[in-house]
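Spelled out, the chains give:
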Amino acid sequence: MNLSPPTRSFSLPPGHVHDEAWRSLCKVVHYSAIFDSEMRQPHSRCMENTRVALRETLRQVLDRHDRTNIWLKGLAGVGKTSIAFTVAEEMKSTKRLAASFFFSRQHAQHATMFIPTIAYQLVLVFPIIKYAIMKAIAEDELLLSSDKSRRDQMQELIIKPLRQLQFRKETSYAIVIDALDECLSTEEAARLVKLLIETFSSPDMPNIHLLFTSRPQMHIRAAMQADIHEIPLIAGDDATLRDVRVFLRVSLDNIRTTRPDHFGQPPRSWPSEDKFEILVSNASGLFVYAALVIGFISAAGHPPQQRLNHLLLESSTVNADIDQLYRHILASSQNPIVHCRMLTCITHLDRPLSLANLHDLFFEDKEDLAVMLEAFSPVILNLPHRNVEIYHTSLFDFIEDPLRSEQYYVDHARAHEYLACCCLKSLMRKSPMIDDYAFDTWHHHLSLAYPSGELRHLLALFTKKELQRLVVFAEQGGGSSHLVGPLHSARRTCLSFKWIRNFSDIAVAWRIAKASKKVDEVHFNILKNRARGYIVDSIPSHARVPSDSANFFIEPPFPESPSPEPNIDI
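Residues numbered from 1 in each chain as written. Predicted model: local features only at pLDDT ≥ 70, side-chain atom pairs only at ≥ 80, totals over all residues. Heavy atoms only, no water.

Colleague: So what's going on with the sheet that holds strand 5 (residues 229-232)? Which residues, and what values?
Modeller: Paired through their backbone hydrogen bonds, the strands of a sheet run either parallel or antiparallel. Strands sit in the order 2-3-4-1-5 across an open sheet of five strands; the sheet is parallel. Both edges of this open sheet fall to strand 2 (97-102) and strand 5, since each of them pairs with a single strand only. Taking each pair of neighbouring strands and ignoring which way they run, the sheet shows an average axis angle of 15°. Of the pairings in the sheet, the one linking strand 1 (residues 70-73) to strand 5 comprises four bridges and is parallel in character. Along strand 5, the bridge assignment pairs Leu72 with Ile231. In this fold helix 2 (residues 52-63) packs onto strand 1, strand 3 (173-178), strand 4 (208-214) and strand 5, with an angle of close to 170° to the strand it touches most, strand 5. (Pairing = 2+ DSSP bridges. Helix = DSSP H or I, 4+ residues; strand = E, 2+ residues; numbered from the N terminus. Axes fitted to C-alpha atoms, helices over the stretch in contact; angles between N-to-C directions. Contact = heavy atoms within 4.5 Å.)

Here is the structure:
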């Protein structure tokens, strides 16, 4: 006879499990990739009465019921993102936008969450599929992992749930995917395109069009089906030239009517037709060029007429070549070397920073920082309470390629040298704080920096006067765990052959090694005391041994000092 008590199931109700699955999905969604996310402000949309014929063509294709996919291709600066945003906005207004994903280089680490982000949006548009997606997530804890096969994710999060909608073919929807080549490798982009087209071309899927935008790259074309509707965006065609003309006219009129200190009241006519035509000709249909020109002319503190005249004087060399315009903007500044160094450093930061944090880091050059951000405002994101980030591919490419930036190129080692100097100056200027950029990353930039005389001099001052303050900060419970790794890294750097050039450098390495050893001991004792507390707390009070003999049971079988004294003879 079985006398054991009846078992009781403590499994959670399905509703609770699905709520947990929904929360898990929401945690991994890359919200800033959704076309109208607040994190993507200011939104780039087509100006009224521009791209009229192109937008009508896109509407006609997206109204069809044959699952025709579209590839909008063109070089950087021709306005692909503005068109993609405008199409997504129009489709959403008619409740026909199934999903969107706008790739961005500053959020490249989130590209792996593409499929969960699409699935999240599909649930909002088609609530009936939510149960199937939540069930799949609840049954597979790794389904949302970035290591999961994309094909498995597509099958469970998109294909199976959407099969429930196979009879909803009277309405055509769209998924808009912008800048496909922005942060995916050649192979990843091709695989993703092929997977998406295979998925949505299936006859048991609802009628969903795919709209891709990218530069005209062969590997992307090779991954697409033969009958994809290709739309090349060419800067010099009549329609684009006309649209750039409208943009420049409206923008210059806005400058003229909002700057009475320069144009009077009522505002005088400006610019002359001859100058306007030269400007239109120089732009040659590149929207990013036109936007940069308007930003350059309208910069606060400068007379617009003077800025325009200065730009037109260079008309023989500044034309639709966006690199030449970037070089001209830098050359027109009072400190071109500082400005191009700051541009490069922003791309080499260990993490994006807000304007306030950049002011703190570039403390001695913060006025130059403000001028540089103003000059490049059309291609640099700089909003209150947001991180400052370069978001246009053309500027990234300009900064990274010495053949394009020419005399303004700053190599990686020099950028890290400047950042390391800024971090050391910041640490010497204020008290150490956990999560402060300089405190967290000085060792990282030091390890990648060119060991210039200025940097080595600053490091010598830092190790003489400020390093002891960091050790005291660690001893007083200020986060020894945050100093162990950085000091180990700095010790390796300063003991390397590229760094040591004289006896002063050897003394710097010795001071860092000594501080590293001390912080190791502090951290070791903290961990030991914490372990002692855990062990004592886990023993029932009646079974605890007297305090004077407790050490007998809990002393670890390894030495007190984990780091040996460095063998440096000075």
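Colleague: Can you lay out helix 24 (residues 481-494) for me, pointing to particular residues and giving the numbers?
Modeller: Helix length check: helix 24 (14 residues) gives 21 Å between terminal C-alpha atoms against 20 Å at 1.5 Å per residue, within 8%. Among the residues of helix 24, those classed as buried are Leu483, Val484, Pro486, Leu487, Ser489, Ala490, Thr493 and Cys494. (Expected span 1.5 Å × (residues − 1). Buried < 20%, exposed > 50% of the residue type's maximum accessible area, 1.4 Å probe, protein only.)

Colleague: Give me the layout of surface pockets: which residues, what numbers.
Modeller: By volume, the largest pocket amounts to about 1300 Å³. Taken together, 49 residues make up the lining of the largest pocket; nearest its centre are Ser44, Ser82, Pro378, Tyr391 and His392. Looking at the lining of the largest pocket, the elements that each hand over two or more residues are helix 3 (80-93), helix 12 (287-297), helix 16 (355-361), helix 17 (366-375) and strand 7 (380-381). Partitioning the lining of the largest pocket into residue classes produces 22 nonpolar, 18 polar and nine charged. (1 Å grid on protein atoms, 1.4 Å probe; cavity = no way out; pocket = protein on both sides within 12 Å on 5 of 7 lines; lining within 4 Å. Points joined across faces, edges and corners; volume = space filled by probe spheres on them. Nonpolar A, V, L, I, M, F, W, Y, C, P; charged D, E, K, R; others polar.)

Colleague: I'd like to hear about the pairing of strand 3, residue by residue, with values.
Modeller: Burial runs high along strand 3: six of the six residues are buried. Side-chain alternation along strand 3 places Tyr173, Ile175 and Ile177 on one buried face and Ala174, Val176 and Asp178 on a second face that is also buried. Taken together, the five bridges between strand 2 and strand 3 define a ladder with parallel strand orientation. Bridge pairing links Phe101 to Ile177 in strand 3. Handedness of the crossover joining strand 3 and strand 4 through helix 7 (residues 186-200): right-handed. (Right-handed = clockwise from strand over helix to strand, strands pointing away.)

Colleague: Got a sec to walk through the packing of aromatic side chains? Specific residues and values, please.
Modeller: Aromatic ring pairs are reported here in terms of the distance separating the ring centres and the angle at which the planes meet. Tallied over the full model, the rule gives 14 aromatic pairs. Relative to Tyr120, the ring of Tyr31 has its centre 5.5 Å away and its plane inclined at 85°; by these criteria the two rings are edge-to-face. Here Tyr31, found in the loop between helix 1 (14-28) and helix 2, pairs with Tyr120, found in helix 4 (residues 114-125); they are 89 residues apart in sequence, far enough to count as distant. An angle of 55° between the planes, with centres 4.7 Å apart, marks the rings of Phe101 and Phe103 as tilted. Both residues of the pair, Phe101 and Phe103, count as buried. What links up through ring pairs into an aromatic cluster is the set Trp22, Tyr31 and Tyr120. Across the ring face of Phe296, the terminal group of Arg307 is positioned such that the distance to the ring centre comes to 3.9 Å. (Phe/Tyr/Trp six-rings, centres within 6.5 Å; stacked < 30°, edge-to-face > 60°. Lys NZ or Arg CZ within 6 Å of the ring centre and 35° of its normal.)

Colleague: Break down the sheet that holds strand 6 (residues 353-354) for me, with residues and values.
Modeller: Pairing in this open sheet of three strands is antiparallel, and the strands run 6-8-7 from one edge to the other. Each end of this open sheet is capped by a strand with a single partner; those strands are strand 6 and strand 7. Here strand 6 pairs with strand 8 (residues 387-390) via two bridges, running antiparallel. Note on strand 8: the bridge partner recorded for Leu353 is Val388.

Colleague: Can you explain the pattern of salt bridges? Please cite residues and give values.
Modeller: The full count for this structure, using the stated rule, is 34 salt bridges. Glu90 is paired through a salt bridge with Arg59; the nearest N and O atoms lie 3.2 Å apart. On the criterion of sequence distance, the pair formed by Glu90 in helix 3 and Arg59 in helix 2 is long-range, its members being 31 residues apart. Note on Arg59: relative accessible area 33%, which makes it partly exposed. Salt bridges here are not isolated pairs; linked through shared partners, they connect Asp181, Arg215, Asp323, Asp397 and Arg404. (Salt bridge = Lys/Arg side-chain N within 4 Å of Asp/Glu carboxyl O.)

Colleague: Lay out the environment of His43 with the relevant residues and their values.
Modeller: Counting through the fold element by element, His43 comes out in the loop between helix 1 and helix 2. Judged by its relative accessible area of 17%, His43 is buried. Those residues within four positions of His43 in sequence are excluded, and the remaining contacts are Phe35, Asp36, Ser37 and Phe85. A distance of 2.9 Å separates a polar side-chain atom of His43 from the backbone oxygen of Ser37. (Polar contact = N/O pair within 3.5 Å; in protein donor to acceptor, adjacent residues only side chain to side chain.)

Colleague: Give a detailed account of the environment of Met428, specifying residues and quantitative values.
Modeller: Positionally, Met428 belongs in helix 20 (residues 412-429). By relative accessible area, Met428 is classed as partly exposed at 24%. When neighbours within four sequence positions are excluded, Met428 is seen to be in contact with Leu458, Leu461, Phe462, Glu466 and Arg469.

Colleague: Help me get a handle on helix 5 (residues 130-139), residues and values and all.
Modeller: Side chains that are three or four residues apart share a direction in an α-helix, a result of its 3.6 residues per turn. Taken together, the buried positions of helix 5 are occupied by Ile133, Met134, Ala136 and Ile137. Within helix 5, the buried residues cover an arc of 160° as seen down the axis, which keeps them to one side. Turned more than 90 degrees away from the buried face of helix 5 sit Tyr131 and Glu139, all of them exposed. (Arc of directions from axis to C-beta.)

Colleague: Give me the lowdown on the confidence of the model for the chain, citing residues and values where you can.
Modeller: Of the residues in the chain, 87% have a pLDDT of 70 or more, and the chain-wide mean is 84. Between residues 1-12, whose pLDDT stays under 50, and residues either more than four places distant or in other chains, the model counts one contact. In the predicted structure, residues 547-570 sits below a pLDDT of 50 and forms 28 contacts with residues beyond four places in sequence or in another chain. (pLDDT = per-residue confidence, 0-100.)

Colleague: Could you give an account of the nonpolar core, with specific residues and numbers?
Modeller: Ranked by internal contacts, the top residues of the largest apolar core, which has 114 residues, are Leu248, Phe362, Phe376, Ile380 and Leu395. Those residues within four positions of Leu395 in sequence are excluded, and the remaining contacts are Tyr326, Leu343, Phe376, Val379, Ile380 and Ile390. Counting residues in each nonpolar core, the second largest holds 56 residues, with Ile118, Leu143, Met154 and Met224 among its members. (Core = buried A, V, L, I, M, F, W, Y, C linked by side-chain atoms within 4.5 Å.)

Colleague: Could you give an account of the environment of Cys494, naming the residues involved and the relevant values?
Modeller: Mapped onto the secondary structure, Cys494 falls in helix 24. Judged by its relative accessible area of 0%, Cys494 falls in the buried class. Between the C-alpha atom of Cys494 and that of Ile512, which follows or precedes it by 18 residues, the distance is 8.2 Å. When residues no more than four places from it in sequence are discounted, the contact partners of Cys494 are Leu446, Leu459, Trp499, Ile500, Val508, Ala509 and Ile512.

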